[in-house]
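# Residue-level structural notes
Listed below, chain by chain, are the residues.
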Amino acid sequence: MGVVIKQSFWGTVLSYLGVVVGYLNTLYFRAEYLDLFQIGLFTLITANAMMVSPISSFGMGSSFIKFFPSFQETSRNRFFSFLFLITLIGNVLIIAVGYSMKDLIASRYVDTAPTYVNYLSITAIIIVANSLFDLFFNYSRTIMKVIFPSFLRDVYLRLGSLLLVIGFAFEWWNFDMAVTGLGIVYSLAFVFLFTHLIVAHGFRFDFQSSVITKEWRGKLVRFGSYSMALAGSFAIINNISYDQITAQLGPAMNGIFNTCFFIAVIVEMPRRNMSKVLSPVISSEFAKKNMKEVDSLFKRGSITMSVIGLLLFIGIITNLKDLFDFIPKGSEFQAGFWVVVGVCFTKLTLMVSSFAGEIINFSHLYKYNLLFQLAAAVVLIILNYFFISLWGINGAVFSYVIAILFHIILKVGFVWYHFRIQPLIKSHFPLFAIGFFLGLAAYFFQPSWHPVVSILIRSLFTTIVFVYLIYRFRISPDINTLIHSTFERFLKINLPK
């Protein structure tokens, strides 16, 4: 268990460090040294690669996670080597299909981003590198050695992108070379991980296929297809808007949308880390058929994440005007104000919905998660087609909000229908009232100070008042316990219970 805790701790640290690097790159360096067209093109290249990568891997990474315990230790590398070959074949097929459709792809962007076709090879390189990296990352998870792989995924890739922009700013290379560098950065991530596994953990391929029987091939096809569809639909939800915005409006508007979208995603960050901690607990209680405890975790997770998410939501929205006044090209990024608001709202709603998706995933009805996710992806694509042409990037965020809310309602409704549990408790209502009135007060507090000073003072005031009210009205027992332990441990103050 000590190894798990250590790996989880450093994984969390690295994920937040990656967010800091990402914010620095997105809100300063890219905004300062790239024009909006270039920002949008950078985004499109990686977004399209991230959409295709889960498909090209045929779900082999998830298959290894699921089935490796069924193999003896001596035959696991043989099993993994077989999956590696399948992943290579999948990438060859996808790249071949993409090459045969090159003219069709070019026609999609001919009016708005005709230069994108020149970078299709970079997209292809990232697809291959990312799918192989994901496969070996999952191998690292099975041997509980994920600190270095997490560093590569969460920090190195963002640092690499940052350095490419810095090099462009100092005229060490031109924009075309910077884009080529994206392919190199992703390729090196795989090379570094592969080399690390060989040197530090003695990884070796074993291409004897005797362990892969006809029965196992059938299992791999079924579960791999499921995993591919699940990961692919998730990637579509997260990336398709960048593609559709570029095709209809051009890379410049995509650059604004991407930057404003990134500002908002931090609202969801605590949920990702709480999910890592609580998912094994939820799975264990499901196995025991202890639905009373599952219900308790569902509700406690919801109110705790709602508190954290609402504070982040208020902090971002109330400081948005000053943030746009401070960052480079802020006057142009202001066109994405409603993008930030919409994405923040969906991420907060996701926090409130707690772990509905995880509960479904750990039940015998887990395949419905795929159905709901595919439905949300289809809804998003269709709505984007109509609303982007009507309202531009505001239409894109409107489509995103509707699709995600639809997805959340499906999951929460399904959990209620089948398990008779839901995430809301009475404390949610005073919490939302506190958030509404405090957010309103902070939003209209707009002194004519330097933007950074305004952000710091407003954020400090909001945080102190919010935390006091949450504590005073006992909104979340877990938050109150955390506040008590923090004061006792670091300030040596015993607060009244």
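For the structure, check the block above.
Now for a description of the structure that goes with this document. The model shown is predicted, which means the values in this text are computed figures rather than measured ones.

What follows is about the side chain of N77. One can find N77 in helix 4 (residues 73-100). With a relative accessible area of 18%, N77 lands in the buried category. Leaving out residues up to four positions away in the same chain, N77 has contacts with Y139, F203, R204 and D206.

On to helix 15 (residues 337-352), then. Compared with an ideal rise of 1.5 Å per residue, which puts 16 residues at 22 Å, helix 15 spans 23 Å between its outermost C-alpha atoms and is within 8% of the ideal. Downstream of helix 15 by one or two residues, S354 has phi in the positive range, about 65°.

Let us now look at the packing of aromatic side chains. According to the stated counting rule, one finds 49 aromatic pairs in the structure shown. With a centroid separation of 6.2 Å and an interplanar angle of 75°, the aromatic rings of F168 and F175 are classed as edge-to-face. Take F168 and F175: they sit in the same class, and that class is buried. Ring centres of Y443 and F444 lie 5.4 Å apart, and the angle between their planes is 85°; on these two criteria the pair is classed as edge-to-face. Under the relative-accessibility criterion, Y443 is labelled partly exposed at 35%. Clustering of aromatic rings is evident, with ring pairs tying together F64, F79, F80, F84, F136, Y139, F190, F194, F203, F205 and F207.

It is worth spelling out the packing of helix 17 (residues 367-391) against helix 18 (residues 393-419) at this point. Running from N to C, helix 17 and helix 18 point in directions that differ by 160°, and their axes come no closer than 7 Å. Taken together, the axes of helix 17 and helix 18 are roughly antiparallel relative to one another. In this structure, the crossing between helix 17 and helix 18 has a hand that is right-handed. By residue class, the composition of the contact of helix 17 with helix 18 is 19 nonpolar, 7 polar and 1 charged.

Helix 10 (residues 251-264) packs onto helix 9 (residues 214-249) with a crossing angle of 150° between their chain directions and a minimal axis gap of 7 Å. Classified by the angle between their axes, helix 9 and helix 10 sit roughly antiparallel to one another. Crossing geometry of helix 9 relative to helix 10 is assigned as right-handed. Counted together, S241, Y242, I245, T246 and L249 of helix 9 and P251, M253, N254, F257, N258 and F261 of helix 10 form the full contact between these two elements. Among the residues forming the contact of helix 9 with helix 10, the class breakdown is 7 nonpolar, 4 polar and no charged.

Reading guide: rules and limits
Residues numbered from 1 in each chain as written. Predicted model: local features only at pLDDT ≥ 70, side-chain atom pairs only at ≥ 80, totals over all residues. Heavy atoms only, no water. Helix = DSSP H or I, 4+ residues; strand = E, 2+ residues; numbered from the N terminus. Buried < 20%, exposed > 50% of the residue type's maximum accessible area, 1.4 Å probe, protein only. Contact = heavy atoms within 4.5 Å. Expected span 1.5 Å × (residues − 1). Phe/Tyr/Trp six-rings, centres within 6.5 Å; stacked < 30°, edge-to-face > 60°. Axes fitted to C-alpha atoms, helices over the stretch in contact; angles between N-to-C directions. Parallel < 35°, antiparallel > 145°, perpendicular 65-115°, else oblique. Left-handed = near helix turned anticlockwise from the far one by under 90°. Nonpolar A, V, L, I, M, F, W, Y, C, P; charged D, E, K, R; others polar.

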